[in-house]
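Chain and residue survey
Chain by chain, the residues:
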Amino acid sequence: MDLGRVGIWTDQFDSQPIQTVRDAAALIEDLGYGALWVPEAVGREAMAQAAILLSATKRIVVANGVASVYARDAVTAAAGYRTLTEAFPGRALLGLGISHPSLVQDVRGHRFGPPVATMLAYLDALAAAPFGPAVDTPGPVLGALGPRMLALAAERAAGALPLGMPVRHTEQAREILGPDGLLAVAQVVVADRDRAEAVVPDLLPNRRALLDLADDQLVDALVVHGGPERVAERVR
């Protein structure tokens, strides 16, 4: 599976008509990006949207970035992932995440369990799932920020997707994952600083506990804003 050097992670598709989403996916592919990562929160269902994006493109990898483990049981996730892999060989990648307590409990009506233990149990069930086409699927990627979830990603998954963390976290995550695990870092980008300041509260508080930064340092640490040159430099 060729993810390329730089991809696109976006949560903007859910607010757009589906034909606009198809056209945007095709354009992202034409621009040469290797992968398109799409999250799951309160918008479109993860597997269905992945199928739509894969159908609208020819080469690019479409990855869940990430699908919530509380949105479907592991047997259903395995069957869906195997179906996408069968239909689009080498182009579908399953990203799994724990989500947030408010979405899990208030929106979905589930009990939010201990994150690492919950993910470990889900991975065990995913590996043992009996249904779906008989195809080999790449190991999942875990949405991981803290050292324990990163260690689980190194041991039981293909790699990790840290979202909205400073550059120094990338170095720490690579140390935990080792030299071979996939480390797909999602760098949050907005056009200007005022909008960047509005984005940061959405990234907290689970990131605040991992960072030794004052509030006035968080915006520049978590979000890159400005023109294309500044964005490209942060990505490098």
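It should be noted that the structure appears before, not after, this text.
1. So, the nonpolar core
Counting residues in each nonpolar core, the largest one holds 67 residues, and the members touching the most others are Leu96, Met119 and Leu142. If we skip the residues at most four places from it in the chain, Met119 touches Val69, Leu96, Gly97, Ile98, Leu142, Met149 and Leu152.

2. Regarding empty space enclosed by the protein
Under the definition given, this model contains 1 cavity of 30 Å³ or more. Taken as a whole, the largest cavity spans an internal volume of roughly 40 Å³. Looking at the lining of the largest cavity, the elements with two or more residues in it are helix H2 (46–55) and strand S3 (61–64).

3. Some thoughts on the pairing of strand S2 (residues 35–38)
Burial of the side chains of S2 extends over both faces: Ala35 and Trp37 are buried on one face and Leu36 and Val38 on the other. When strand S1 (residues 8–9) meets S2, the two strands line up parallel, connected through 2 bridges. By the bridge assignment, Trp9 is partnered in S2 with Trp37. Taking the sense of rotation as the criterion, the β-α-β connection linking S1, helix H1 (residues 18–30) and S2 turns out right-handed. Bridging between S2 and S3 involves 4 bridges; their strand directions are parallel. Bridge pairing in S3 links Leu36 to Val62. In this region the chain leaves S2, passes through H2 and returns to the parallel neighbour S3; the handedness of that crossover is right-handed.

4. With respect to the sheet that holds S1
In space, the 4 strands of this open sheet follow the order S1-S2-S3-S5, with parallel pairing throughout. Two strands lie at the open edges of the sheet, namely S1 and strand S5 (92–93), each paired on one side alone.

The rules behind these values
- Residues numbered from 1 in each chain as written.
- Predicted model: local features only at pLDDT ≥ 70, side-chain atom pairs only at ≥ 80, totals over all residues.
- Heavy atoms only, no water.
- Core = buried A, V, L, I, M, F, W, Y, C linked by side-chain atoms within 4.5 Å.
- Buried < 20%, exposed > 50% of the residue type's maximum accessible area, 1.4 Å probe, protein only.
- Contact = heavy atoms within 4.5 Å.
- 1 Å grid on protein atoms, 1.4 Å probe; cavity = no way out; pocket = protein on both sides within 12 Å on 5 of 7 lines; lining within 4 Å.
- Points joined across faces, edges and corners; volume = space filled by probe spheres on them.
- Helix = DSSP H or I, 4+ residues; strand = E, 2+ residues; numbered from the N terminus.
- Pairing = 2+ DSSP bridges.
- Right-handed = clockwise from strand over helix to strand, strands pointing away.

Purely geometric numbers; function is a separate question.
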